[in-house]
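# Structural description and commentary
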Amino acid sequence: MAGLAQMGLPDKSVPSGRASGFICLDVTLAGFSYICEFNVHLMKDLIVNSLKEHFSVAEKFVNSPATAENIERAARLIASSIKAGGKVLTCGNGGSLCDATHFAEELTGRFRDSRSPLPAMAINDPAHITCTTNDYSFEKIFSRVVEALGRPGDVLCGFSTSGTSKNVVEAARVAREKGMKVVGFTRAGDNPLAALSDAVIAVPHEGYSDRIQEMHITAVHIIIEAVERLVKDCL
């Protein structure tokens, strides 16, 4: 621990007889060794409280009368499009783009059981995104693909936990202009994405976006399972 002062770290020894609930780790950083203390009880509280919040949001989501209704509507819109030769486009930012990609890959790939691939594409190509951002604007990164590939009867699934992401809202606007259906994954309450959507997967939560995303991916899995059943005669 002789090098702590050189690192600007306090040179403190850990008292013997530390109360239970603390663990001490001898950590080496940049060639210097020092002691780190962790309160095991605080970490357990963080984990348990996080899980409790998840289940609280999930309970509100389940008990909202609009949830099951809109999940079914979304599944039927997608199934009808696929049966008619249409496709699904998905988009979102950050973690929501991951959810959008997850949605598309489990349609083209596999969810639980083997079946024929279903037509879907996430708008996530880095070359397109950087080109469009550089030559137009970040607001256009999704709408340019919708304009290029979207056809009447196709479905756009847009993910925005706030419902105000300009590039997702712009994609939804263009989709409607092209005669596509829009499924919006967002939070409960009035927002631009919800206003442009034919089915709204709205999570009743005003806190951080991660809890909303957890409900979105659950809804995605339910929708995929429902779509598979609705189009099984076509597979």
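Residues numbered from 1 in each chain as written. Predicted model: local features only at pLDDT ≥ 70, side-chain atom pairs only at ≥ 80, totals over all residues. Heavy atoms only, no water.

## Considerations on the nonpolar core
If you look at the biggest cluster of nonpolar residues, it comprises 37 residues, and the most contacted ones within it are Ile-78, Phe-103, Cys-157, Val-183, Phe-185 and Ile-223. Every element with two or more residues in this core is listed here: α1 (40–63), α2 (65–83), α3 (95–108), β4 (120–122), β5 (155–159), β6 (181–187), β7 (199–203) and α8 (209–230). Among the nonpolar cores identified, the runner-up in size contains 19 residues, and Ile-141, Val-145, Ala-175 and Val-182 belong to it. (Core = buried A, V, L, I, M, F, W, Y, C linked by side-chain atoms within 4.5 Å. Buried < 20%, exposed > 50% of the residue type's maximum accessible area, 1.4 Å probe, protein only. Helix = DSSP H or I, 4+ residues; strand = E, 2+ residues; numbered from the N terminus.)

## Brief notes about the packing of aromatic side chains
Applying the stated criterion across every chain yields a total of 3 aromatic pairs. When the centroid spacing of 6.5 Å and the interplanar angle of 90° are considered together, the rings of Phe-103 and Phe-159 count as edge-to-face. Taken together, the residues Phe-103 in helix α3 and Phe-159 in strand β5 connect sequence positions 56 residues apart. Measuring from centroid to centroid gives 4.1 Å for Phe-159 and Phe-185, while their planes differ by 10°, and the two rings are stacked. (Phe/Tyr/Trp six-rings, centres within 6.5 Å; stacked < 30°, edge-to-face > 60°.)

## So, the pattern of salt bridges
As enumerated under the stated definition, the model contains 13 salt bridges in all. Between Arg-73 and Glu-69 there is a salt bridge, and its shortest N-O distance comes to 2.9 Å. With Arg-73 and Glu-69 both in helix α2, this residue pair falls 4 residues apart, about one helical turn. Of the charged contacts in the structure, one is a salt bridge between Glu-177 and Arg-173, with a shortest N-O distance of 2.5 Å. Separated by 4 residues within a single helix, Glu-177 and Arg-173 lie in helix α6 (residues 166–177), roughly one turn from each other. (Salt bridge = Lys/Arg side-chain N within 4 Å of Asp/Glu carboxyl O.)

## Some remarks on the sheet that holds β4
Adjacent strands of a sheet pair through backbone hydrogen bonds, lying either parallel or antiparallel. Pairing is parallel across the open sheet formed by 5 strands, whose spatial order is β4-β3-β5-β6-β7. Each of the sheet's edge strands pairs with one partner strand only, and the pair in question is β4 and β7. Strand-to-strand twist of the sheet, defined as the mean angle between neighbouring strand axes without regard to direction, takes the value 15°. The pairing of β5 with β6 spans 5 bridges and is classified as parallel. If you follow Gly-158 over to β6, its bridge partner there is Gly-184. Most of the contacts of α3 go to strand β3 (residues 88–92), to which it runs at about 160°, and overall it touches β3, β4, β5 and β6. (Pairing = 2+ DSSP bridges. Axes fitted to C-alpha atoms, helices over the stretch in contact; angles between N-to-C directions. Contact = heavy atoms within 4.5 Å.)

Purely geometric numbers; function is a separate question.
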